[in-house]
Structure formats: structure tokens, C-alpha cells
Amino acid sequence: CLAWPERIQGPAPRLDLARHATLTFEEPDVVRFPALQLARRALELAERNLDSREAGNALRMLSRIQHHRGQPAEGLASLEASLEKARSIQAPYETAEAHEAFAELAGPDGAVTASAALAHLFEAQRYYTQLGARGGLARAEREIARFEDMILEESGTASAVTDLAPVPGDRDPLPVGHTPPHQF
């Protein structure tokens, strides 16, 4: 594995599984190898979190479908559930994506006001910034500019936009040790 796809020449002969008629496995000795229990527990937690992540992603998709089918209240409920799922497993990238998705529900027939969408976009921007997720940050900033223009056009005053902007340093940092699951 260390030199893959090349092979490292070592002192042992190459393993030929065809020459061995049977392979016998025994129950692992967890007393001699206590890290096995830790590894099993970590795998269980990872599977549970993956299920929660996938459920959050599915809820976000369901929200889009409900919105496009003319069910804005149901779409909003699904999106709020997606956001709560991401927060519950402390998944900051998925939390940012859920905040960003609120902007999709904004509009004249939507369940989210432009100012509420802008507040969610500021949250997405904060998460993406702290994660160093350049792609997500660029998307959020484009949407922020679009909603700022929309609110400015509707209200006719810049204070309507600046009142919604977050105060720098006003928020707690994100949980440490999390990285975005996507390449940027």
C-alpha cells in the first residue's frame, strides 16, 4: 500500500493465496488488542453520522421539490429539519449548505423573506469562511450581493441592508476538527 501502484521488494516471499487451501480466522483478542474496541465504536459513530448527513441532504432535496411543487410551508419545514440535523451532528459544512438553501425559498411566493434569506446567507458565509471552503464562500457571497440589491431596491434605503449584516466577532467560532467533505 505504501508504494502503490509499485511494489516494494522485502525479505518475505510474495503471498500466493491460491497455494493455501483454506484461510482460518479466529475471534479477535480484544484484551491483547484493546484498540479494536475503539475502532469498532468509531465505525459505529461514523456510520450513524453518515446516516444523519445523508438524511440532512435528503431533507434539503425534499425542500427544493416541495418548493417547486408549490408547497412552500412544507419546503420550509423540511429545510429547517435539514438544518437541525446538520447542527445536531456538528457538521459545519452541511450546516452552511442548509443556511445557503434558505435563499432558494425566498421570493414573492416563497416561505422565506428576502431579509431572512440574507440572514441565513450571512451564516453560510461565516461557516464557509471559517472552514476555508472557497467554493461555498463564493456562492454565498454572490447570493448575498443579489439579496442586498433586492432589499435595497425594495426599501430604497441602504440601512435596510446594513441592519442585517452581522457584527464582526459577534459569533462563536465553529467546532474544531471538522473539514468540508467536498473538494474545492
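Computed from a prediction, not measured in an experiment: that's the story for all the values here.

Each value, and the rule that gives it
- Residues numbered from 1 in each chain as written.
- Predicted model: local features only at pLDDT ≥ 70, side-chain atom pairs only at ≥ 80, totals over all residues.
- Heavy atoms only, no water.
- Axes fitted to C-alpha atoms, helices over the stretch in contact; angles between N-to-C directions.
- Helix = DSSP H or I, 4+ residues; strand = E, 2+ residues; numbered from the N terminus.
- Parallel < 35°, antiparallel > 145°, perpendicular 65-115°, else oblique.
- Left-handed = near helix turned anticlockwise from the far one by under 90°.
- Contact = heavy atoms within 4.5 Å.
- Nonpolar A, V, L, I, M, F, W, Y, C, P; charged D, E, K, R; others polar.
- pLDDT = per-residue confidence, 0-100.

> Got a sec to walk through the packing of helix α2 (residues 72-88) against helix α3 (residues 92-101)? Specific residues and values, please.
Packing of α2 against α3 brings their axes to within 8 Å, and their N-to-C directions diverge by 160°. With respect to their mutual orientation, α2 and α3 come out roughly antiparallel. Seen along the crossing, α2 lies across α3 with a hand that is left-handed. Contact residues: α2 offers Leu-79, Ser-82, Leu-83, Ala-86 and Arg-87, while α3 offers Glu-94, Thr-95, Ala-98, His-99 and Ala-101. Grouping the amino acids of the contact of α2 with α3 by side-chain chemistry returns five nonpolar, three polar and two charged.

> Describe the confidence of the model for the protein chain, listing the residues and the values that go with them.
Confidence along the protein chain averages 82 in pLDDT terms, with 84% of residues attaining 70 or more. When mean pLDDT is taken per element in the protein chain, α3 scores highest with 94 and helix α6 (residues 159-162) scores lowest with 59. In the predicted structure, residues 176-184 sits below a pLDDT of 50 and forms 13 contacts with residues beyond four places in sequence or in another chain.

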